[in-house]
Amino acid sequence: MEKAGYLQRTGYKAFDSEGTMHDIIELHIHSIRYAIRRANLAKAVSSHVFVQVEELTHNWNYYLGATSGLGQVSVSGKALNIDIFNGGSFTVSLHALGNVMYGKERFAFIMKIPEAQLSQKMRRVTLDQKRISATV
């Protein structure tokens, strides 16, 4: 895996489309800025649900834009896997993420998951799937 960027807790708040302010965790992946709402990230880590990764723009204030991807805790429970739509898959250690969220560290590295590993897992077909056939 290769380093693709980093995430940081800047202390900035961002406005959503309804004008509500949110604490955010800022992600920089391949020089593009994204944000995850801090409250939603805490929920996702504790209950293994999806969290939205949103575009982040700065025009006097910070604003959350359209959903650019999704994040979910890995099956092993040791990492947060981030899937950016049309941008690839990335991962960050939950230990490092926790240190950033709670102020022990300033930033954590985001690593790119190689495409070759993803395609092999997705193409795997079980024996049961091979036997399924349609009856007309």
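All residue numbers refer to position in the chain's written sequence, counted from 1. Given that the model is predicted, a residue must reach a pLDDT of at least 70 before its local features are reported, and side-chain atom pairs must reach 80 or more before they are shown or counted; all residues, however, enter totals for whole chains, interfaces and linings. The basis for every side-chain value is the complete set of heavy atoms in the structure, and neither hydrogens nor water enter the calculation.

Brief notes about the overall build of the protein
And step 1. If you tally the helices and strands in the protein, you get four helices and nine strands.
And step 2. For helices the rule is a DSSP run of H or I covering at least 4 residues; for strands it is a run of E covering at least 2, with both sets numbered from the N terminus onward. In the protein, the succession of helices and strands from N to C terminus is β-β-β-β-α-β-β-β-β-α-β-α-α.
And step 3. Pairs of residues are marked as contacts when any of their non-hydrogen atoms sit within 4.5 Å. The long-range share in the protein, meaning contacts at least 24 apart out of those at least 6 apart in sequence, stands at 37%.
And step 4. Only the protein chains shown count as cover for residues, and all accessible areas are computed by the Shrake-Rupley method using a 1.4 Å probe. About 9,000 Å² of surface is accessible on the protein, with carbon and sulfur atoms providing 53% of the total.

Observations concerning the nonpolar core
And step 1. Judged by nonpolar contacts, the single largest core of 23 residues is most densely connected at L7, L27, L41 and L80.
And step 2. Ranked by the residues each element gives to this core, the list is headed by helix 2 (residues 94–101), at four residues.
And step 3. Residues within four places of L80 in sequence aside, it is in contact with L41, G71, Q72, V73, F90, T91, V92, L94 and L97. Here the nonpolar core consists of buried residues drawn from Ala, Val, Leu, Ile, Met, Phe, Trp, Tyr and Cys, with membership extended through side-chain atoms lying within 4.5 Å. With a 1.4 Å probe rolled over the protein chains alone, any residue whose accessible area is under 20% of its type maximum counts as buried; one over 50% counts as exposed, and the rest are partly exposed.

Comments concerning the side chain of R38
And step 1. Tracing the sequence through the fold places R38 in helix 1 (residues 38–47).
And step 2. Although buried, R38 forms no salt bridge, and the nearest oppositely charged side chain, D23, lies 4.8 Å from it. Residues counted as positive are Lys and Arg, residues counted as negative are Asp and Glu, and His and the chain ends are not counted. In the sections that follow, a salt bridge refers to a side-chain nitrogen of Lys or Arg positioned within 4 Å of a carboxyl oxygen of Asp or Glu.

Some remarks on the confidence of the model for the protein
And step 1. Confidence scores here are pLDDT values: one per residue, from the predictor, ranging 0 to 100. Of the residues in the protein, 85% reach a pLDDT of 70 or more, and the chain-wide mean stands at 85.
And step 2. Mean pLDDT values over the elements of the protein span from 50, in helix 4 (residues 127–131), up to 94, in strand 4 (residues 32–37).

Quick word on the environment of T91
And step 1. By secondary structure assignment, the location of T91 is in strand 8 (residues 88–93).
And step 2. Judged by its relative accessible area of 11%, T91 is buried.
And step 3. Separated by 22 residues in sequence, T91 and I113 place their C-alpha atoms 6.8 Å apart.
And step 4. If near-sequence neighbours (up to four positions away) are discounted, T91 is found in contact with M1, A79, L80, N81, F109, I110, M111 and I113.
And step 5. Throughout this description, a polar contact denotes any pair of N or O atoms lying within 3.5 Å of each other; where both atoms belong to protein, one of them has to be capable of donating a hydrogen while the other can accept it, and for residues adjacent in sequence the pair is counted only when both atoms sit in side chains. Among the polar contacts listed, one links the side chain of T91 to the backbone oxygen of L80, at a separation of 3.5 Å.
And step 6. Of the polar contacts made by the side chain of T91, one reaches the side chain of N81; its length is 3.0 Å.

Things to note about the packing of helix 1 against helix 2
And step 1. Helix axes use the C-alpha atoms of the stretch in contact, all axes being lines fitted to C-alpha atoms, and the angles between their N-to-C directions lie in the range 0 to 180 degrees. Running from amino to carboxyl end, helix 1 crosses helix 2 at an angle of 145°, the nearest separation of the two axes being 12 Å. Remark: the crossing between helix 1 and helix 2 carries left-handed chirality. In this structure, helix 1 uses R38, L41, A42 and V45 to contact helix 2, whose residues at the interface are L94, L97 and M101.
And step 2. Amino acids outside the nonpolar list (Ala, Val, Leu, Ile, Met, Phe, Trp, Tyr, Cys, Pro) and the charged list (Asp, Glu, Lys, Arg) are all regarded as polar, and Gly is one of them. Grouping the amino acids of the contact of helix 1 with helix 2 by side-chain chemistry returns six nonpolar, no polar and one charged. Each crossing gets its handedness from the near helix: less than a right angle anticlockwise from the far helix is left-handed, clockwise is right-handed.

A few points about unusual backbone geometry
And step 1. Backbone geometry at S31 places phi at a positive 65°, although glycine is not the residue there.
And step 2. With respect to the helices and strands, S31 occurs in the loop between strand 3 (21–29) and strand 4.
And step 3. Within the chain, H48 stands out as a residue other than glycine whose phi angle is a positive 55°.
And step 4. Within the element layout of this structure, H48 appears in the loop between helix 1 and strand 5 (51–59).

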